[in-house]
Amino acid sequence: MLHRVDAPTSGLFVAPTLLKVGGIADLEREVFGPVLHVATFKAHELDKVIADVNARGFGLTFGLHTRIDTRVQEIADGIHVGNLYVNRNQIGAIVGSQPFGGEGLSGTGPKAGGPSYLTRFVKPQAAPEAGVWEVPCDVETLKAVLTKTQSGALLAATEMPGPTGEANTLRSYARAPILCMGPGQAAVEAQIAAVEALGGVAIPVKGAIDPAVLTSLSGFDGVIYWGREPRAYAEALSLRDGAILPLITALPDAAHVAHERHMCVDTTAAGGNAALLAG
């Protein structure tokens, strides 16, 4: 412990505390309270720090203080979070200017105040009628395809309105592939077309797949299944470690196939006055 201030002796209070840690991997879970963890690192270790942060699986907000433009770009390109704040505080997101929401373990849908948000409040488009599979899926081939498939491509970037002295940009990135499980070849083809029309990456699953396979299969961000008994697949996805992955039983929407990442930059802090940082 580096420092702790006094807290009232009566009532339920947690004293604001400053703790030194070796890195984010020392934290086993999210800590909500007046606790600040401090870790130091060398400049050449930045890539490892970004990888360690992403590996924790939480991706709500990230704050950065720097006047080096290339450093801002490097972290913005590498960090997997819903909101990145540069040279300003990390609270007070404004609807229409700073759409808010995370990814991974910190979010399961579109960002509040973003362009895809309202669609989640309406009834989704019904799926076409699906067929059946007469053959089992070749799981090993599916694993190989997932290993080779690239995702994360930038789909769109939008400059959002905001106050003078602040730059707000909302970017959309393709998620990891969506498994298109039919059932039936015609259903798989319709699912692939729907995902790709939204800019997403689709992987066909040709054949019936045991729900248990989905508990450990890696490299995908969701499942589309239009069969009559989807519950077993939903339960299998719920047993996975890491991010909560959706079972899509209707037509997908934009938030199913893309991550939304917003960056807010306090441009007034780009000069020489350090007092403007995080002001």
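Being a predicted model, the structure only gives us computed values, none of them experimental. (Residues numbered from 1 in each chain as written. Predicted model: local features only at pLDDT ≥ 70, side-chain atom pairs only at ≥ 80, totals over all residues. Heavy atoms only, no water.)

Colleague: Go over the sheet that holds strand S5 (residues 61-64), please, and point to the residues and values.
Modeller: Ordered in space as S5-S6-S14-S9-S8, the five strands form an open sheet in which the pairing is mixed. Unpaired on one side and paired on the other, S5 and strand S8 (154-160) mark the two borders of the sheet. Between one strand axis and the next, the sheet turns by 15 degrees as a mean value, whatever way the strands run. Where S5 meets strand S6 (residues 83-86), four bridges bridge the pair, whose relative direction is parallel. (Pairing = 2+ DSSP bridges. Helix = DSSP H or I, 4+ residues; strand = E, 2+ residues; numbered from the N terminus. Axes fitted to C-alpha atoms, helices over the stretch in contact; angles between N-to-C directions.)

Colleague: Provide a residue-level description of the nonpolar core, including the pertinent values.
Modeller: Within the largest apolar cluster, 18 residues are counted, with the highest numbers of intra-cluster contacts made by Leu-142, Leu-179, Met-181, Ile-209, Leu-214 and Phe-220. Mapped onto this core, the elements with two or more residues apiece are helix H3 (139-148) and helix H5 (231-238). The element that contributes the greatest number of residues to this core is H5, accounting for three residues. With sequence-adjacent residues up to four places away left out, Met-181 is seen in contact with Trp-133, Val-188, Gln-191, Val-205, Ile-209, Leu-214, Val-223, Ile-224, Tyr-225 and Tyr-233. Listed in part, the 13 residues of the second largest apolar core include Leu-46, Val-72, Ile-75 and Val-86. (Core = buried A, V, L, I, M, F, W, Y, C linked by side-chain atoms within 4.5 Å. Buried < 20%, exposed > 50% of the residue type's maximum accessible area, 1.4 Å probe, protein only. Contact = heavy atoms within 4.5 Å.)

Colleague: I'd like to hear about the packing of aromatic side chains, residue by residue, with values.
Modeller: Scanning all chains against the criterion turns up two aromatic pairs. Geometrically, the ring pair formed by Tyr-117 and Phe-121 is edge-to-face, given 5.2 Å between the ring centres and 80 degrees between the ring planes. Since its relative accessible area comes to 30%, Tyr-117 is described here as partly exposed. Between Tyr-225 and Tyr-233, the aromatic rings sit 4.7 Å apart at their centres with planes inclined by 55 degrees, giving tilted as the arrangement. The same class applies to Tyr-225 and to Tyr-233, which are both buried. The residue whose ring lies beneath Arg-261 is Tyr-173, and the NZ or CZ to ring-centre distance is 5.0 Å. (Phe/Tyr/Trp six-rings, centres within 6.5 Å; stacked < 30°, edge-to-face > 60°. Lys NZ or Arg CZ within 6 Å of the ring centre and 35° of its normal.)

Colleague: Outline the sheet that holds strand S12 (residues 222-224), supporting the account with residue identities and numerical values.
Modeller: Across the sheet, four strands lie side by side as S11-S10-S12-S13; this open sheet has parallel pairing. Each of the sheet's edge strands pairs with one partner strand only, and the pair in question is strand S11 (202-204) and strand S13 (247-248). Relative to S11, strand S10 (residues 178-180) runs parallel, the two sharing three bridges. By the bridge assignment, Cys-180 is partnered in S11 with Pro-204. H3 contacts S10 and S11 of the sheet and is inclined by roughly 160 degrees relative to S11.

Colleague: Can you lay out the pairing of strand S14 (residues 258-266) for me, pointing to particular residues and giving the numbers?
Modeller: Two faces make up the sheet, and in a regular strand the side chains alternate between them. Within S14, nine of the nine residues are buried, which leaves the element mostly enclosed by the surrounding structure. Along S14, one buried face is formed by Ala-258, Glu-260, His-262, Cys-264 and Asp-266 and the opposite face, lined by His-259, Arg-261, Met-263 and Val-265, is buried too. As judged from the four bridges shared by S6 and S14, these two strands associate in the parallel manner. Of the residues in S14, the one forming a bridge with Asn-83 is His-262. Pairing geometry for strand S9 (residues 166-174) and S14, over nine bridges, is antiparallel. Considered in S14, the bridge of Ala-174 is made with Ala-258.

Colleague: I'd love a proper account of the environment of Ala-55, names of residues and values included.
Modeller: With respect to the secondary-structure elements, Ala-55 resides in helix H1 (residues 46-55). Sequence-wise, Ala-55 and Leu-105 are 50 residues apart; in three dimensions their C-alpha atoms are separated by 11 Å.

Colleague: Which residues make up the pattern of salt bridges, and what values do they have?
Modeller: The final tally for this structure, using the stated rule, is seven salt bridges. Across the pair Arg-88 and Glu-166 runs a salt bridge whose closest N-O atoms are separated by 3.3 Å. Pair noted here: Arg-88 is in the loop between S6 and strand S7 (103-104) and Glu-166 is in strand S9, with a separation of 78 residues, a long-range link. For Arg-88, a relative accessible area of 10% corresponds to the buried category. The partly exposed category is assigned to Glu-166, whose relative accessible area is 21%. With a shortest N-O distance of 2.6 Å, Arg-120 and Asp-253 are connected by a salt bridge. Pair noted here: Arg-120 is in the loop between S7 and H3 and Asp-253 is in the loop between S13 and helix H6 (254-257), with a separation of 133 residues, a long-range link. (Salt bridge = Lys/Arg side-chain N within 4 Å of Asp/Glu carboxyl O.)

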